[in-house]
Amino acid sequence: MKKTAICLALGMALAPTAGSAQIMIDTTKITCGEFAAMGPADADMVASWFSGWFNQKLGYTQVDLEAFHRNTANVAKFCAAHPNDQLFGVIQASVNQMMKK
């Protein structure tokens, strides 16, 4: 009985950590080629992260889904033609260009 209780307690203590594995990604090192090769779900996740990061830096508090999809498509199109460019730099240049308008 003691072994069962100990195993159960140990299992319950470890259960929350089993599903909380984290993956660290250095977003400044993602290339356009890597972005273009991602599946739709991963590409959307990366694009969403970049969108949130840059929008926060610019002080925007609302999400424009049409602009998000348009910008993501533009970046993907550019990346298909420039696979060795760093994705972060491409997005930064795009944001800088939009800010000049």
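These lines cover the structure that appears in this document, whether it is placed above or below. Quick caveat: nothing in here was measured; it's all calculated off a predicted structure. (Residues numbered from 1 in each chain as written. Predicted model: local features only at pLDDT ≥ 70, side-chain atom pairs only at ≥ 80, totals over all residues. Heavy atoms only, no water.)

Points about helix α5 (residues 87-100)
The cut-off we apply is this: Going along the chain from the N terminus, every DSSP run of H or I of four or more residues is numbered as a helix, and every run of E of two or more is numbered as a strand. Multiplying 1.5 Å by the residue count of a helix minus one yields the expected span of that helix. Here a residue-residue contact requires only that any non-hydrogen atoms of the pair lie within 4.5 Å.
The end-to-end C-alpha distance of α5 is 20 Å, a good match for the 20 Å that 14 residues give at a rise of 1.5 Å each. Of the surrounding secondary structure, the elements contacted by the buried residues of α5 are α2 (32-37), α3 (40-58) and α4 (65-81).

Focus: the pattern of salt bridges
Quick note on the threshold: Whenever a carboxyl oxygen of Asp or Glu lies within 4 Å of a side-chain nitrogen of Lys or Arg, that contact is scored as a salt bridge. Accessible area is worked out with a 1.4 Å probe on protein chains only. A residue is then buried under 20% of its type maximum, exposed over 50%, and partly exposed in between.
Summed over all chains, the structure comprises one salt bridge. K29 is the salt-bridge partner of D26, the closest N and O atoms lying 3.9 Å from each other. By relative accessible area, D26 is classed as partly exposed at 39%.

So, a nonpolar patch on the surface
To keep it simple, the criterion reads: In this scheme, patches are assembled from residues that exceed 30% relative accessible area and form no salt bridge. Like charges are connected within 9 Å, while nonpolar side chains (Val, Leu, Ile, Met, Phe, Trp, Tyr) are connected within 5 Å. Throughout, the Shrake-Rupley method with a 1.4 Å probe supplies accessible areas, and for residues the shown protein chains are the sole cover considered.
A cluster of nonpolar side chains, contributed by L58, Y60 and M99, occupies part of the molecular surface with about 290 Å² of accessible area. Among the structural elements, L58 can be located in helix α3. Looking at L58, the relative accessible area reads 32%, which means it is partly exposed.

Section: the nonpolar core
Selection criterion: In this text, buried Ala, Val, Leu, Ile, Met, Phe, Trp, Tyr and Cys residues form a nonpolar core when linked through side-chain atoms within 4.5 Å.
Counting 13 residues, the largest nonpolar core has F35, V46, F50, V75, C79, L87 and I91 as the members making the most contacts within it. For this core, the elements supplying multiple residues, two or more each, are α2, α3, α4 and α5. The residues touching F50, leaving out its near neighbours within four places in the chain, are T27, L87, F88 and I91.

Describing the environment of G33
Within the secondary structure layout, G33 lies in helix α2. For G33, a relative accessible area of 24% gives the class partly exposed. Considering only alpha carbons, one finds G33 and H82, 49 residues apart in sequence, at a separation of 7.4 Å.

Regarding the environment of A43
Note on placement: A43 falls in helix α3. A43 gets classed as buried once you look at its relative accessible area, which sits at 13%. Between the C-alpha atom of A43 and that of A76, which follows or precedes it by 33 residues, the distance is 9.2 Å. Not counting residues within four places of it along the chain, the set of residues in contact with A43 comprises F35 and M38.

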